[in-house]
Amino acid sequence: MSGLGKRILVTGGAGFIGSHLCERLLNEGNEVICLDNYFTGSKENVMHLLNNPYFELVRHDVTEPYYAEVDQIYNLACPASPIHYQYNAIKTIKTSVMGAINMLGLAKRVNARILQASTSEVYGDPMIHPQVEEYWGNVNPIGIRSCYDEGKRCAETLFMDYHRQNDLEIKIIRIFNTYGPRMHRHDGRVVSNFIVQALEGKDITIYGDGSQTRSFQYVDDLVEGMIKMMHSEKTFIGPVNIGNPGEFTMLELANLILEMTNSTSAIKFLPLPNDDPKQRKPNIELAENKLNWHPSIELRSGLEKTISYFETIL
Ligand code: NAD
Ligand code: UDP
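Here we summarise the structure given alongside this text.

Let's talk about the pairing of strand S2 (residues 31-36)
Side-chain positions along a regular strand alternate between the two faces of the sheet.
Reasoning step 1: Of all six residues that make up S2, six are buried, and the element is covered over most of its length.
Reasoning step 2: In S2, alternate side chains face the same way, and those of Glu31, Ile33 and Leu35 on one face and Val32, Cys34 and Asp36 on the other are all buried.
Reasoning step 3: The sheet contact formed by strand S1 (residues 7-11) and S2 spans five bridges and is parallel. In the sheet register, Arg7 faces S2, and the bridge partner there is Glu31.
Reasoning step 4: Remark: the S1/helix H1 (residues 16-27)/S2 crossover connection has right-handed handedness.
Reasoning step 5: Note that S2 and strand S3 (residues 55-59) share five bridges and pair parallel. From the neighbouring strand, Leu35 faces S3, where its bridge partner is Val58.

Right under this line is the structure:
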């Protein structure tokens, strides 16, 4: 026990975002238990933390109950890339729903504050643009993305019900597309795909005509927002959008990455997957007002750091 900070459980801590969060929490003097089943995460992501005596790595699946005396829980366990969450759709929904039930049960038992890593996907293919937290979304309940979208929506419901029924201290953040070092090279999400393709001189795969938009947030900005939310006043439970409002088409993103990597890769257009949202951009006024949070890393500078990372590992 460090005796300094808090005892914090991070589920999905060996994943892309989780590993950055664990690192930051340790740097701030906390004791961290990182719980992961290594489905999409890896020990490599947290290898540099293993020497820290206040870091504990536990192989565990959140669909099974877990017990530890902790003060705070960040619930991130869930594959986030469409390729990975569709690989075993039933497992994905179990992870979101049973994982939420198990972690909420733990929070209730040990009286911990718990934060849910929800997603902009709860808005589905949004009819309101930019997306505000009051918007209930436009989600297909029976499509190929539903295992993720509906699982995350149900997790939000469970969080709210534990709060209403048991007065649990909950926090819900809706994360918009996040990128940065330690994304898996075969993660399948657009930023890592385009960078890896550009660096390897392979065709850049644009799904559809590339006119769909996303708003990309660098991982450090997200981690800052997550921690601010965890420490916010008890009555502010969210949901709150955490994302960067800069909005780009996939064609713009491809061209920017081609330019920044000096790549000669060609652009190849492939079919658009079903239910792929046409547009996405967060309204972040709530986070600005309640958390005094604003993203500080623009796409170009975040991409520079991410490209350097992939240059090192490829
Ligand atoms: P990731 O796939 O790198 O991380 C997910 C982690 O959860 C992995 O380490 C994986 O092994 C672990 N995991 C999966 N199923 C598990 C289970 N049953 N038990 C224990 N561990 C399990 O993805 P990420 O981008 O780091 O996403 C982290 C969280 O943030 C996810 O909940 C995701 O839904 C959410 N999120 C991410 C984004 C984004 O753009 N990156 C956007 C919205 C929401
Ligand atoms: N996309 C693409 N090429 C790729 C990977 C993704 O054009 O190689 C598109 C995808 O169809 C979507 C956008 O990029 O419109 C973002 O996809 P990602 O999987 O990163 O995130 P999400 O769709 O969950 O926002």
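That shown, we press on.
Brief notes about the site of ligand 2
Reasoning step 1: Near ligand 2, the surroundings consist of 17 residues, among which Val190, Thr205, Arg214, Asp276 and Arg280 are the closest.
Reasoning step 2: Separating an oxygen atom of ligand 2 from a side-chain N or O atom of Arg145 is a distance of 3.0 Å.
Reasoning step 3: A distance of 3.0 Å separates an oxygen atom of ligand 2 from a polar atom in the side chain of Gln212.
Reasoning step 4: Notes on ligand 2: free accessible area 520 Å², of which the protein chains cover 95%.
Reasoning step 5: Broken down by secondary-structure element, the contributors of at least two residues to the shell around ligand 2 are helix H6 (190-199) and strand S8 (204-207).
Reasoning step 6: In the shell around ligand 2, the residues fall into six nonpolar, five polar and six charged.

Here we look at the sheet that holds S2
Reasoning step 1: Across the sheet, which stays open at both edges, the seven strands sit in the order S3-S2-S1-S4-S5-S6-S11 with parallel pairing between neighbours. Edge positions in the open sheet fall to S3 and strand S11 (240-242), since each of these has one partner strand only. Neighbour-to-neighbour, the strand axes of the sheet open up by a mean angle of 20 degrees, direction not taken into account.
Reasoning step 2: Pairing of S1 with strand S4 (residues 72-75), which is carried by four bridges, proceeds in the parallel orientation. Counted as the bridge partner of Thr11 is Asn75 from S4.
Reasoning step 3: On top of the sheet, helix H5 (residues 146-166) reaches strand S5 (113-119) and strand S6 (170-175); it is set at about 155 degrees to S5, its chief contact.

A closer look at the site of ligand 1
Reasoning step 1: What surrounds ligand 1 is a group of 30 residues, the closest being Asp36, Thr40, Leu76, Tyr148 and Lys152.
Reasoning step 2: Taking Phe39, its main chain carries an N or O atom lying 2.9 Å from an oxygen atom of ligand 1.
Reasoning step 3: A distance of 3.0 Å is found between an oxygen atom of ligand 1 and a backbone nitrogen or oxygen belonging to Gly41.
Reasoning step 4: Relative to its unbound accessible area of 810 Å², ligand 1 is 97% covered by the protein chains.
Reasoning step 5: Of all the secondary structure elements, the ones that give two or more residues to the shell around ligand 1 are H1, helix H4 (89-110), S5 and H5.

Re the side chain of Glu121
Reasoning step 1: You can see Glu121 is positioned in the loop between S5 and H5.
Reasoning step 2: Judged by its relative accessible area of 4%, Glu121 falls in the buried class.

Brief notes about the nonpolar core
Reasoning step 1: Leu21, Tyr74, Ile173, Met226, Leu253 and Leu303 are the most contacted members of the largest nonpolar core, which has 58 residues in total.
Reasoning step 2: Discounting chain neighbours no more than four positions away, the residues touching Leu253 are Val190, Val191, Phe194, Phe216, Leu299 and Leu303.
Reasoning step 3: If you look at the next biggest cluster of nonpolar residues, it comprises 27 residues, including Leu106, Tyr162, Ile170 and Ile172.

Regarding the pattern of salt bridges
Pairing between side chains of opposite charge can happen when their charged atoms approach one another.
Reasoning step 1: Throughout the structure, instances matching the rule amount to 18 salt bridges.
Reasoning step 2: Glu28 is paired through a salt bridge with Arg24; the nearest N and O atoms lie 2.7 Å apart.
Reasoning step 3: According to the relative accessible area criterion, Glu28 is partly exposed, its value standing at 38%.
Reasoning step 4: Of the charged contacts in the structure, one is a salt bridge between Glu224 and Arg24, with a shortest N-O distance of 2.9 Å. You can see Glu224 sitting in helix H7 (residues 219-230) and its partner Arg24 sitting in helix H1, a full 200 residues away along the chain.
Reasoning step 5: Within this structure, Glu121, Arg145, Arg214, Asp276 and Arg280 form a network of salt bridges that share partners.

A word on the state of the cysteines
Reasoning step 1: Overall, the coordinates contain zero disulfides when judged by the stated rule.
Reasoning step 2: In this structure Cys34 is a free cysteine whose sulfur lies 4.3 Å from that of Cys22, the closest cysteine sulfur available.

Considering the side chain of Thr213
Reasoning step 1: Along the chain, Thr213 turns up in strand S9 (residues 213-215).
Reasoning step 2: For Thr213, the side chain forms a polar contact with the side chain of Glu247, separated by 2.6 Å.
Reasoning step 3: When near neighbours in sequence (up to four residues on either side) are disregarded, Thr213 contacts Glu247, Phe248, Thr249, Met250, Lys278, Gln279 and Arg280.

Looking at the packing of aromatic side chains
Reasoning step 1: Considering all chains together, one arrives at six aromatic pairs under this definition.
Reasoning step 2: Between the aromatic rings of Tyr85 and Tyr148, the centroid separation amounts to 4.4 Å while the plane-to-plane angle is 5 degrees, which identifies the pairing as stacked. Within this pair, whereas Tyr85 is found in helix H3 (residues 82-87), its partner Tyr148 is found in helix H5, the two being separated by 63 residues in sequence.
Reasoning step 3: Note on Tyr85: relative accessible area 1%, which makes it buried.
Reasoning step 4: Take Tyr148: its relative accessible area is 8%, and that puts it in the buried class.
Reasoning step 5: Ring geometry for Tyr123 and Phe176: centres 6.2 Å apart, planes at 40 degrees, overall tilted.

Conventions adopted
- Residues numbered from 1 in each chain as written.
- Chains lettered and ligands numbered in written order.
- Predicted model: local features only at pLDDT ≥ 70, side-chain atom pairs only at ≥ 80, totals over all residues.
- Heavy atoms only, no water.
- Buried < 20%, exposed > 50% of the residue type's maximum accessible area, 1.4 Å probe, protein only.
- Helix = DSSP H or I, 4+ residues; strand = E, 2+ residues; numbered from the N terminus.
- Pairing = 2+ DSSP bridges.
- Right-handed = clockwise from strand over helix to strand, strands pointing away.
- Near = heavy atom within 4 Å.
- Polar contact = N/O pair within 3.5 Å; in protein donor to acceptor, adjacent residues only side chain to side chain.
- Areas by Shrake-Rupley, 256 points an atom, 1.4 Å probe, with all protein chains shown as cover.
- Nonpolar A, V, L, I, M, F, W, Y, C, P; charged D, E, K, R; others polar.
- Axes fitted to C-alpha atoms, helices over the stretch in contact; angles between N-to-C directions.
- Contact = heavy atoms within 4.5 Å.
- Core = buried A, V, L, I, M, F, W, Y, C linked by side-chain atoms within 4.5 Å.
- Salt bridge = Lys/Arg side-chain N within 4 Å of Asp/Glu carboxyl O.
- Disulfide = S-S within 2.5 Å.
- Phe/Tyr/Trp six-rings, centres within 6.5 Å; stacked < 30°, edge-to-face > 60°.

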